[in-house]
Amino acid sequence: MNYQKVYGITGPVSVAGPTAPENKLNDALVQELKKEGSFETEAETAKRVEILKTLQGLAEAFVFQVSKKKNMSDGMARDAGGKIFTFGSYRLGVHGPGSDIDTLVVAPKHVMREDFFTVFDALLRERPELDEIAAVPDAFVPIIKIKFSGISIDLIFARLDLAQVPATLTLSDKNMLRNLDEKELRALNGTRVTDEILELVPKTSVFRIALRAVKIWANRRGIYGNVFGFPGGVAWAMLVARICQLYPNACSAVILNRFFKIYSEWKWPQPVVLKQIEDGPLQVRVWNPKIYAQDRSHRMPVITPAYPSMCATHNISDSTKKVILGEFERGIQVTNDIFSNKKTWADLFSKHDFFYRYKYYLAVSITTKGSDEQHLKWTGLVESKLRLLVLKLEVLPGINIAHPFPDLFGATYAYDNDEDAQTIIDNYGSHKTEAKLASFTKVTEENKDDESIKESKKVYMTSMYIGLDVNVESKKEKVDIHVPCAEYFNLCRNFSEEYQNNDVFSLAISYVKLHDLPDQVYAEGEQRPIKKKKNKRSKDDTSDESSKRAKSDVSSLQPTSSVTTAVPSAV
C-alpha cells in the first residue's frame, strides 16, 4: 500500500496523477509562460546572485561600523556578523525579468533600526551601482527602496536578541522572535512565511509553474497588489499552495483549473490556511476571529503559516472582493474552455478592460517640484493610503463599486519657471488638454543624462485611478463624494509637516470621464474608447427620456474647480 503524505489541514480531494491530455495542456502552459517572458535568462539570474553577494558584504560592513561605534574591538565587531535573507517571488523561485528582490537585513541586538536608516543608507549611497534610493522609515514595515544595477530591491531590517548573527543562522526557530517589537516581527515574517510555503507544498516544481501563471493572470487582470486592496505576491502564493495540497499529484494545468473552480465557490470569509494555526512563546497577537473583532471583518482571509499567523489579505475591501470574485468566475470559464480545446492559455492572460469598463473615474494626481527621491516618498505615502479612500467611497449610497487600479502612471517634465510648471500640472492627466504638453521637454530614459536635463528643474507627476460604478436613477440625483475625498486629501497632506509645503508637494483628486482619460493609460496599439454620438431628438422626446437614464450616467458628475488642491464635490 502506497503511503501518501497529507499536506494541509484536510486530506486531498484527489490523488490522481495527470492524464496524457492534461500533460499536453501542461506543456502548452509552460510554452505560453515562456512566450509571456515569465522566465529570466541564466545571465540575468547570475546578475541577481552577484548583487546579493554585494548586499551581503554591505550588511557585514554595516554591522561592523555600528559595532565599532559601540566601542567593540575589531575582532568582536567582525564576529557580530550580519546576514541578508530573501523572501517573496525570488525566494519562492518564481521571479522573472524585471522582478524586484525582497531582501531582509538581519543584525545583532546592539544594531538599531535608526542605524539601518543612517549607516546602511550611507553605505548604499557610496556604491556606484546605485541608481535610485528612497528610505521610508515610518512605513508599516520600514523600508529602503533602491534600484541597484538596474534591479529594484526592497530592503527591510530586523535585529535579533542575539550578540552575533553568523552566516549559518536560520530563522525557523520561533524562539528567535523573543524580545522583538512589532515592526521587527513583521519584517522577519516575510522570510519565515516564504520558507514555510515551500515546505508545505507536495511538489515545488508544480507549485512554481502554477504560481507563475497565477501571477501573470492577476497582473494582466489588474488584481495584484496588497496596497490597493488586492492579494499581493505572498497571498497569491498561499492560495495556489492550498490547491496543490488538495491535488498533490496533479500537474500545473490542472492546479490552475481547480484554483479557479474552488475559489469561485469558496465560502468566504472562511479562511484559507495551509496548516493549523500555532501558538507560540510570545505575547503577540495571532489571527483569531473568535477573539478579535478586526479579524472577523476580514472579507477574504488568507492566513500565513509561520508563527505568529497573520492575515495577508486584510486590505481587501467590498469593492475589490467583487472584482476578484468576478475574475475567478472568468478564470473558471476560460480554463474549462482550454480543457475542451476551445481556447488557449493566451486567452486566460488577456489584458483587463479597466479603462473601458466605467463611465467615469476618480483620478488621484501626485506632483512634486523637487527631487526624484522626494517624489518617490510622497507617492509612496499617497499610494499607501488609497485603500482608505476606497473604503470611504464604497459605503456611500449610490456607489456600487469603487475599483482601484493597482498600477501607477507617471511622467516627468523639465521646466524653466513656476508658471511653466503650473501649466504642465494643469494640463497633465486629461485627453482634452494633454496636447498642450508637447511644447515642454519630457524627461525620458534617452535624454535623462543630457546636461541640459540634469541642470533643469523638474516636475514629477504620478496618477492613480479608481473606477466608479455609480447607480443613479435620475439626472437630478447625485452622490456627494466631497467628504471622503477631503478626508483623504487632508490625511495625506497632514501626515507630516514636510508634505504641507505647497511649493514642493501637491495632490489633486478629480473625476475624469471615460473619454477624457489620458493617452498614457492605453498601451501602444490600443484604441481609445469611441464616444457615441447622441441621436438628435425633439424636446418632447428628450423630456420623456430624462427619467429613463442609464445607471452610471455621466451627467451626474460635477467637476472640480481647482487642480492642485481640489476634491470633487459630487457624482
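Note that this is a predicted model, so its numbers are computed, not measured. Residue indices follow the written sequence of each chain, beginning from 1 at its first position. Totals for whole chains, interfaces and linings use all residues, but because this is a predicted model, local features are given only for residues with pLDDT of at least 70 and pairs of side-chain atoms are given and counted only at 80 or more. Note: side-chain values were computed over all heavy atoms of the structure, leaving out hydrogens and water.

### Here's the deal with the overall build of the protein chain
Then, in step 1: Helix and strand labels come from DSSP, where a helix needs a run of H or I of at least four residues and a strand needs a run of E of at least two; each type is numbered from the N terminus. Along its length, the protein chain carries 19 helices and 11 strands.
Then, in step 2: The size measure is the radius of gyration over C-alpha atoms, and the globule rule it meets is 2.2 Å times the number of residues to the 0.38 power. The C-alpha atoms of the protein chain give a radius of gyration of 26 Å, which matches the 25 Å a tight globule of 571 residues would have.
Then, in step 3: Between buried and exposed lies partly exposed: a residue is buried under 20% and exposed over 50% of the maximum accessible area for its type, with that area taken using a 1.4 Å probe on protein chains only. Across the 571 residues in the protein chain, those meeting the buried criterion constitute 51%.
Then, in step 4: The contact definition used throughout considers only heavy atoms, calling two residues in contact when any of these lie within 4.5 Å. Taking the contacts inside the protein chain whose residues are at least 6 apart along the sequence as the reference set, 73% of them involve residues at least 24 apart.
Then, in step 5: Only the protein chains shown count as covering a residue, and every accessible area follows the Shrake-Rupley method with a 1.4 Å probe. Surface summary for the protein chain: the accessible area is close to 27,100 Å², and the carbon and sulfur share equals 49%.

### Brief notes about the side chain of Ser67
Then, in step 1: Note that Ser67 resides in helix α2 (residues 42-69).
Then, in step 2: On the accessibility criterion, Ser67 (0% relative accessible area) is buried.
Then, in step 3: Polar contact is the term for a pair of N or O atoms within 3.5 Å; when the atoms are in protein, one must be able to donate a hydrogen and the other to accept it, and sequence-neighboring residues count only if both atoms are side-chain atoms. Here Val63 takes part through its backbone oxygen, which lies 2.6 Å from a polar atom of the side chain of Ser67.

### Quick look at the UniProt feature "binding site: ATP" (unreviewed entry) in the protein chain
Then, in step 1: Sequence positions flagged by UniProt for "binding site: ATP" (unreviewed entry) are, in local numbering, Phe87, Gly88, Ser89, Asp100, Ile101, Asp102, Asp154, Lys215, Tyr224, Gly233 and Val234.
Then, in step 2: Structurally, the position occupied by Ser89 is in helix α4 (residues 88-92).
Then, in step 3: Excluding anything up to four places from it in sequence, Ser89 contacts Val94, His95, Ser99, Asp100, Asp102 and Lys215.
Then, in step 4: Position of Ile101 among the secondary structure elements: in strand β2 (residues 101-107).
Then, in step 5: Residue class for Ile101 comes out buried when judged on its relative accessible area of 0%.
Then, in step 6: If near-sequence neighbours (up to four positions away) are discounted, Ile101 is found in contact with Arg48, Leu52, Thr86, Tyr90, Ile151, Ser152, Ile153 and Asp154. UniProt positions are given in the numbering used here, feature names are shortened, and annotations may be inferred rather than shown by experiment.

### Here we look at the confidence of the model for the protein chain
Then, in step 1: Taken residue by residue, the protein chain gives an average pLDDT of 91. The fraction at 70 or more is 92%.
Then, in step 2: Predictor confidence is given residue by residue as pLDDT, running from a minimum of 0 to a maximum of 100. In this model, residues 538-567 is a region of pLDDT below 50 whose contacts with residues beyond four sequence positions or in other chains number 65 contacts.

### Brief notes about the nonpolar core
Then, in step 1: One finds Phe207, Trp217, Trp236, Phe259, Tyr263, Leu362 and Leu393 to be the most contacted residues of the largest nonpolar core, which totals 94 residues.
Then, in step 2: Think of a nonpolar core as a cluster: buried Ala, Val, Leu, Ile, Met, Phe, Trp, Tyr and Cys residues, connected wherever their side-chain atoms sit within 4.5 Å. In this structure, Ile51, Tyr90, Ile101 and Leu155 belong to the second largest nonpolar core, which totals 31 residues.

### Observations concerning the pairing of β2
Then, in step 1: Judged by how many residues are buried, β2 sits mostly within the fold: 7 of 7 residues are covered.
Then, in step 2: Of the two faces of β2, the one lined by Ile101, Thr103, Val105 and Ala107 and the one lined by Asp102, Leu104 and Val106 are each fully buried.
Then, in step 3: Of the pairings in the sheet, the one linking β2 to strand β5 (residues 151-159) comprises 7 bridges and is parallel in character. Looking at β5, one finds that Ala107 is bridged to Arg159. At least two bridges found by DSSP between two strands is the condition for calling them paired.

### As for the environment of Ser38
Then, in step 1: The residue Ser38 is located in the loop between α1 (20-35) and α2 in this model.
Then, in step 2: For Ser38, a relative accessible area of 9% corresponds to the buried category.
Then, in step 3: Sequence separation between Ser38 and Gly190 is 152 residues; the distance between their C-alpha atoms is 23 Å.
Then, in step 4: Non-local contacts of Ser38, meaning those with residues more than four positions away in its chain, are made with Leu33, His95, Gly96, Pro97, Arg212 and Ile216.

### Overview of the UniProt feature "binding site: Mg(2+) 2" (unreviewed entry) in the protein chain
Then, in step 1: Sites flagged by UniProt as "binding site: Mg(2+) 2" (unreviewed entry) map to Asp100, Asp102 and Asp154. Of the residues just listed, which span 55 residues, no C-alpha pair is farther apart than 7.2 Å, and they cluster in one region.
Then, in step 2: In this structure Asp102 comes out as buried when scored by relative accessible area, which is 15%.
Then, in step 3: Beyond its immediate chain neighbours, meaning those up to four positions away, Asp102 contacts Phe85, Thr86, Phe87, Gly88, Ser89 and Asp154.
Then, in step 4: Structurally, Asp154 can be placed in strand β5.
Then, in step 5: Excluding its chain neighbours within four sequence positions, the residues that come into contact with Asp154 are Asp100, Ile101, Asp102, Thr103, Ile143, Ile144 and Lys145.

### Concerning the packing of helix α7 (residues 204-220) against helix α9 (residues 252-265)
Then, in step 1: Lines fitted to C-alpha atoms define the axes here, with helix axes fitted over just the stretch in contact, and angles between the N-to-C directions of these axes take values from 0 to 180 degrees. Closest axis-to-axis distance for the α7/α9 pair is 9 Å, and the angle between their directions is 50°. Taken together, the axis directions place α7 and α9 in an arrangement best described as oblique. Relative to α9, α7 is oriented so that their crossing is right-handed. Of the residues in α9, those touching α7 at Ser205, Val206, Ile209, Ala210, Ala213, Val214 and Trp217 are Ser252, Ile255, Leu256, Phe259 and Phe260.
Then, in step 2: The residue makeup of the contact of α7 with α9, split by class, is 10 nonpolar, 2 polar and no charged. Comment on the angle field: the value is read as roughly parallel under 35 degrees, roughly antiparallel over 145, roughly perpendicular from 65 to 115, and oblique elsewhere. Here is the rule for handedness: rotate from the far helix to the near one, and if that takes an anticlockwise turn smaller than a right angle the crossing is left-handed, while a clockwise turn gives right-handed. Residues are grouped as follows: Ala, Val, Leu, Ile, Met, Phe, Trp, Tyr, Cys and Pro are nonpolar; Asp, Glu, Lys and Arg are charged; all remaining types, including Gly, are polar.

### Comments concerning unusual backbone geometry
Then, in step 1: Of note, the amide linkage connecting Trp268 to Pro269 takes the cis form, showing an omega dihedral of 10°.
Then, in step 2: With respect to the helices, strands and loops of the structure, Pro269 is situated in the loop between α9 and α10 (293-296).
Then, in step 3: The omega torsion across Tyr307 and Pro308 is -5°, close enough to zero to call that bond cis.
Then, in step 4: In this fold, Pro308 is placed in the loop between α10 and α11 (318-339).
Then, in step 5: The residue Asn71 is not glycine, and still its phi comes out positive at about 65°.

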